[in-house]
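Reading the structure
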Amino acid sequence: IAKEAGGANGERDDENIVKTRTYDVSITYDKYYQTPRVWLNGYDENRLVLKPSKTLEDISADHAQKTVTIDPHPHTGVPSASIHPCKHASVMKKLVNSARAQSGEAPSVDSYMFVFLKFIASVVPTIEYDYTL
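My aim in this report is to walk through the structure given alongside it, one point at a time. Since the model is a prediction, treat every value here as computed from it, not as a measurement.

The rules behind each value
Note that residues are indexed from 1 along each chain, following the sequence as it is written. A pLDDT threshold of at least 70 governs which residues receive local features in this predicted model, and a stricter bar of 80 or more applies before side-chain atom pairs are shown or counted, although totals over entire chains, interfaces and linings include all residues. Note: side-chain values were computed over all heavy atoms of the structure, leaving out hydrogens and water. Only DSSP runs of H or I reaching four residues or more are called helices, and only runs of E reaching two or more are called strands; each is numbered from the N terminus. Note on contacts: a residue pair is in contact if any heavy atoms of the two residues lie within 4.5 Å. To estimate how far a helix should extend, the number of its residues minus one is multiplied by 1.5 Å. Think of it in three bands: residues with accessible area under 20% of the maximum for their type are buried, residues over 50% are exposed, and the middle band is partly exposed, with areas taken using a 1.4 Å probe on protein chains only. Whenever two N or O atoms come within 3.5 Å, that pair is a polar contact, provided that in protein one can donate a hydrogen and the other can accept it, and provided that, for residues adjacent in sequence, both atoms are side-chain atoms. Pairing of aromatic rings covers Phe, Tyr and Trp, the last through its six-membered ring, and needs centres within 6.5 Å; plane angles under 30 degrees mean stacked, over 60 mean edge-to-face, and all others mean tilted. Residues grouped as a nonpolar core are buried Ala, Val, Leu, Ile, Met, Phe, Trp, Tyr and Cys residues, joined through side-chain atoms within 4.5 Å. Any Lys or Arg side-chain nitrogen found within 4 Å of a carboxyl oxygen on Asp or Glu counts as a salt bridge. We treat two strands as partners when DSSP finds at least two bridges between them. Think of each axis as a best-fit line through the C-alpha atoms, taken over the contacting stretch in the case of a helix, with angles from 0 to 180 degrees between the N-to-C directions.

On to the side chain of T35. Relative to the elements of secondary structure, T35 occurs in strand β2 (residues 35-43). Setting aside anything within four residues of it in sequence, one finds T35 in contact with T28, Y29, D30, P85, H88, A89 and Y112.

Quick look at the structure:
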């Protein structure tokens, strides 16, 4: 975070601010796969809407164009990058079984979303997540 010091002629000194892409992340429920589905709408460094194909630049190479697809958002119709839910159930089952093996019991229902977001972080590693409970 930069200090808001006045520059020459009373202008703001923005040269210390690091401009980055930002994303709106929405989660819907996919009735067909019966699992959450994550949608990404990006904005460039100047807060202009990113083309969905540019969003793929921020997706891990293992997932771009494979499990991340460009589809119309179900509520807005806007083309958005989507982490396709076809593998969510099997991945989540593995994660839950792993947690069960470590602790001896299944994770609580309210921690499911936390585990799900950890999974999504592996697909979109460039987004900073806050895991504070």
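Each turn of an α-helix holds 3.6 residues, which means side chains three or four residues apart point in the same direction. Here helix α3 (residues 112-123) is 12 residues long and its end C-alpha atoms lie 17 Å apart, about the 16 Å a rise of 1.5 Å per residue gives. Buried residues of α3: V115, F116, F119, I120, A121 and V123, and no others. Those residues of α3 hidden inside the fold are in contact with β2, β3 (68-72), β4 (79-83) and α2 (88-103).

This next bit is on the environment of Y43. If you trace the backbone, Y43 turns up in strand β2. Among all residues touching Y43, those that are not within four sequence positions of it are R21, T22, D24, L48, V49 and L50. A polar side-chain atom of Y43 sits 2.8 Å from a polar atom in the side chain of D24.

This brings us to the packing of aromatic side chains. Per the counting criterion, the structure on display carries 1 aromatic pair. Aromatic side chains Y32 and Y33 sit 4.9 Å apart centroid to centroid with 80° between the ring planes, which places their arrangement in the edge-to-face category. On the basis of relative accessibility, which here comes to 32%, the residue Y33 falls in the partly exposed class.

Further remarks concern the nonpolar core. Ranked by internal contacts, the top residues of the largest apolar core, which has 16 residues, are L40, I59, V68, I83 and V123. Elements that contribute at least two residues to this core include exactly β2, β4 and α3. Among the elements that line this core, the one with the most residues is α3, at 5 residues.

Turning our attention to the pattern of salt bridges. Across all of its chains, the model carries 5 salt bridges by this definition. Of the charged contacts, one joins R21 and E57 as a salt bridge, the two residues approaching to 2.8 Å between their closest N and O atoms. Placement of the pair is R21 in the segment before β1 (22-30) and E57 in the loop between α1 (52-55) and β3, with a sequence separation of 36 residues. For D71, the salt bridge is made with R37, and the minimal N-O distance between the two is 2.8 Å. Residue D71 is located in strand β3, and its partner R37 is located in strand β2; the two are separated by 34 residues in the primary sequence. Through salt bridges with shared partners, a single network forms among R21, K54, E57 and D58.

This part takes up the pairing of β3. In this structure, β3 lies alongside β4, joined through 5 bridges in antiparallel fashion. Paired with I70 across the strands is A81, a residue of β4. In this antiparallel pair of consecutive strands, β3 and β4, the connection spans 6 residues, and G77 shows a positive phi of 80°.

The 4 strands are arranged β1-β2-β4-β3 in an open sheet whose pairing can be described as antiparallel. Each having just a single partner strand, β1 and β3 make up the two edges of the open sheet. Within the sheet, the average angular offset between the axes of one strand and its neighbour, ignoring direction, is 35°. Direction of pairing for β1 relative to β2: antiparallel, over a ladder of 9 bridges. Within β2, the position partnered with S26 by the bridge is W39.

Read these as spatial facts, not as claims about activity.
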